[in-house]
Amino acid sequence: MGLTKQYLRYVASAVFGLIGSQKGNIVFVTLRGEKGRYVAVPACEHVFIWDLRKGEKILILQGLKQEVTCLCPSPDGLHLAVGYEDGSVRIFSLLSGEGNVTFNGHKAAITILKYDQLGGRLVSGSKDTDVIVWDVINESGLYRLKGHKDAVTQALFLREKNLLVTSGKDTMVKWWDLDTQHCFKTLVGHRTEVWGLVLVSEEKRLITGASDSELRAWDIVYLQEVEDLEEPKPKKVKESSPRMQDSLVAEDDALELDETPEDRILSCRKAGSIMREGRDRVVNLAVDKTGRILACHGTDSVLEVFCILSKEEVQKKMEKKMKKARKKAKLNSCKGEEEDLEISVEMTLQDEIQRVTNIKTSAKIKSFDMIHSPQGELKAVFLLQNNLVELYSLNASLPTPQPIRTSRITIGGHRSDVRTLSFSSDNIAVLSAAADSIKIWNRSTLQCIRTMNCEYALCSFFVPGDRQVVIGTKTGKLQLYDLASGNVLETIDAHDGALWSMYLSPDQRGFVTGGADKSVKFWDFELVKDEKSTQKRLSVKQTRMLQLDEDVLCVRYSPNQKLLAVSLLDCTVKIFYVDTLKFFLSLYGHKLPVICMDISYDGALIATGSADRNVKIWGLDFGDCHKSLFAHDDSVMYLQFVPKSHLFFTAGKDHKIKQWDADKFEHIQTLEGHHQEIWCLAVSPSGDYIVSSSHDKSLRLWERTREPLILEEEREMQREAEYEESVAKEDQPAVPGETQGDSYFTGRKTIETVKAAERIMEAIELYREETAKMKEHQAICKAAGKEVPLPINPILMAYGNISPSAYVLEIFKGIKSSELEESLLVLPFSYVPDILKLFNEFIQLGSDVELLCRCLFFLLRIHFGQITSNQMLVPVIEKLKETTISKVRQVQDVIGFNMAGLDYLKRECEAKSEVMFFAEATTQLEEKKRKRKKREKLILTLT
């Protein structure tokens, strides 16, 4: 076989230039025992932990491919639950930064995650309308709750009762009884989507936010279960319904209709509403941990803060009101208006929930989180639309509290999309420029080392020597910056329209610019005397100009500086001689304008990328089209050759970067990572690094490795990835008694669960083979009359010479807890009889009783019909029944004994601490007495 051309693989190296992405929510996290200092923000597929005090990124929780859509810290502060765009949930440890637990159950993006009070259960809501409750400790799904008809927007566990309340975009608020896993009540008092809900006043009141400007409050009354459920009293219900209807008519409208007979657990009545100042929908509604501060914001930049008064405060308020009313009544009676002095003051919702203040941020709020510090100060942190995090503090106890901005994280990214990127000649510095600023980054540390204000930048480059940079702007200006001081050296009006493109000349003495005013201008660098100092400074002067018939979109010099390629709005590329500016060639063939192009290092090829999604490779000697490649699924935005080669990179609006070979016209590799359209990229002068920028506000660094890339292998890997994706999209396995499309179980079929099922099947087959070999071996030994050596299976040897049955158990133990049920679900029934026999053995030995019982009960549930109708399995099931009951009892006894022991230790500790407390108290008392005597002696001596 002949030598294949070897390519080197580029891999993702880092994500930077991003402070927080818009899709998820910001949350306070506890790190190193400190609360209110660290925040977690979604950053594309990762989660960044920022230190608000220092403005530094201190931890990155690495994601895989999908964007983060939701974050929720655990109550103990040690873990962070992260929901992704594809419906998976991962739980990360904040100590190690590793994600050990993954839950796959949803088919669409996660919209809400909430822990219960102890952190043992996690509820997830999704755009697929399902709500799933997960057991965090056992790492498995508990149950799926179906009922919402649109995306779930909020879900909350109740503290005291085993209930869950959820809201959705289907205008419903649903109450779920988690003991029976059914919805026992639906609130239908909203006309529009319910975007948020919170429980306040010791869970006696529910506040919901919808698409209008009122926050509705609902009073919750928890009823004791009806004592005698066997004897229903229909009369009572009949009597109550007309009365209820009267009360409903008496209320402002039939808005608060409730389904009645289900009021066994709780009843929910509308208490009134609070008006917000914002006219648009509620985006986020939240209450702090103490339940005292309620805050919400809409699609603007204002957070409205309310205070929920305690019963004592409301009582005082009402007493004041009463006094005022009495005074007024007395005055009226003095004036001669004879009135009864019977005065009643009604308590309104506004008396219980009081507006505190508004916090105005510097840009639109995307999400916020708040924390109440022990000093009574409220800290609110905001993730803003323009890639910014701000922290405000507020003392809510003051009569007129004023919010103060205490810190903001700005340096780590631009406020808007980066439109141009450049590398310095030594590959170390990277320039990125956006609509308002230029930033210079250190490539190795990814730290921002300079930020300079500019106009809307479209193109840029480092001046030879890397001490100055030139920017071309949307208004047609050239801006020249000095990097050492960060100052603008000069601003020149170069073009009348946008300055779309500029390119440094190969002799490095000047550059060329092209703009929307249909002209190409040639500039030279020069040193001029600076008025402010004695030294000379760099400046530029225009030398020549080429007027054309169409807007210029891109300009490029050939490496020998003899030719100039100009791409025009009429979909052609015109090539001119640089010295005479005479026309040489016209390259036409694209259906839409050529947005980007580049010429190879030897001047032999020119590659053009267009809005028609094609890349064309042309010869520069005759202008013949060598090949037209369908490159991207959307416009090709940027194209650049790798120095000293005929390989080039293209970036598209389809979120992908692709590498191509211009000699063989092969697609080499695709770099996937960006989640939005890519605007531009830059290849370093050495060709070892690429930086790309996207509409998702992130900059990504890609690095060339030493790993060779073989095209056939690459294609094979692509096919495998496609197959794995298709497996997950196939029909879910059918379960008897379920209608198609329904899924009672919490998991979903993924490539991992399929692989786990295959591992179980392989283990059972190995067990069958080995047992057959064993029987054969025994027969041979009998026939030979002596012990013959038995060949050991290498797999069993690798596990430490274990028996085949123990190997099956090891495989079961190796399956992730969250994938266990789903793996057993795709297992063919032919393997189940063997598994049941093995389970009987294992349970008799008393090993892993909990795991085996879980598998056993699941298999019995899904294969009930086949197992019960199979005569062969009757004795196996009988044996299992005996062994399981006795072993489970043993496990129960052990757990009971341990619980009792822990209780005893707890009581001992408490008693000890009480003794310590009293001992401390007595010593303090004696100390005080001693000090008092000393003082008395002193006074006596003084007198």
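Note that the coordinates shown come from a computational prediction; the quantities given were computed from them, not determined experimentally.

Over its 14 residues, helix α10 (residues 849-862) runs 20 Å from end to end, which matches the ideal 20 Å to within 8%, given 1.5 Å per residue. Those residues of α10 that sit buried are Val849, Leu852, Cys853, Arg854, Cys855, Leu856, Phe858, Leu859 and Ile862.

Let's shift gears to the UniProt feature "domain: Small-subunit processome Utp12" (unreviewed entry) in the chain. UniProt feature "domain: Small-subunit processome Utp12" (unreviewed entry): in the numbering of this structure it lies at residues 805-907. Annotation note: span residues 805-907, helix share 82%, strand share 0%, distance between end C-alpha atoms 45 Å.

Turning our eyes to something else, we now look at a negative patch on the surface. On the surface, Glu758, Glu762, Glu765 and Glu769 cluster together into a negatively charged patch. Tracing the chain through its elements places glutamate 758 in helix α5 (residues 751-784). By relative accessible area, which is 40% here, glutamate 758 ends up partly exposed.

Considering all chains together, one arrives at 3 cavities of 30 Å³ or more under this definition. The computed volume of the largest cavity comes to approximately 50 Å³. Counted by class, the lining of the largest cavity contains 2 nonpolar, 6 polar and 2 charged residues.

One can find threonine 357 in strand β25 (residues 353-360). Taking the C-alpha atoms as reference, threonine 357 lies 42 Å from asparagine 104; in sequence the two are 253 residues apart.

Turning our attention to the sheet that holds strand β42 (residues 552-557). An order of β42-β43-β44-β45 is seen for the 4 strands of this open sheet, with the pairing classed as antiparallel. Here the strands that pair on one side only, and so sit at the sheet edges, are β42 and β45 (583-587). Each strand axis lies, on average, 20° off the axis of its neighbour in the sheet, ignoring direction. Where strand β43 (residues 563-568) lies against strand β44 (residues 573-577), 5 bridges are found, and the strand directions are antiparallel. Counterpart to leucine 564 in the pairing with β44 is phenylalanine 576.

Rules and cut-offs
- Residues numbered from 1 in each chain as written.
- Predicted model: local features only at pLDDT ≥ 70, side-chain atom pairs only at ≥ 80, totals over all residues.
- Heavy atoms only, no water.
- Helix = DSSP H or I, 4+ residues; strand = E, 2+ residues; numbered from the N terminus.
- Expected span 1.5 Å × (residues − 1).
- Buried < 20%, exposed > 50% of the residue type's maximum accessible area, 1.4 Å probe, protein only.
- UniProt positions renumbered as here; feature names shortened; annotations may be inferred.
- Patch = residues over 30% accessible without salt bridge, like charges linked within 9 Å, V, L, I, M, F, W, Y side chains within 5 Å.
- Areas by Shrake-Rupley, 256 points an atom, 1.4 Å probe, with all protein chains shown as cover.
- Salt bridge = Lys/Arg side-chain N within 4 Å of Asp/Glu carboxyl O.
- Lys, Arg positive; Asp, Glu negative; His and termini not counted.
- Charge placed at Lys NZ, Arg CZ, Asp CG, Glu CD.
- 1 Å grid on protein atoms, 1.4 Å probe; cavity = no way out; pocket = protein on both sides within 12 Å on 5 of 7 lines; lining within 4 Å.
- Points joined across faces, edges and corners; volume = space filled by probe spheres on them.
- Nonpolar A, V, L, I, M, F, W, Y, C, P; charged D, E, K, R; others polar.
- Pairing = 2+ DSSP bridges.
- Axes fitted to C-alpha atoms, helices over the stretch in contact; angles between N-to-C directions.

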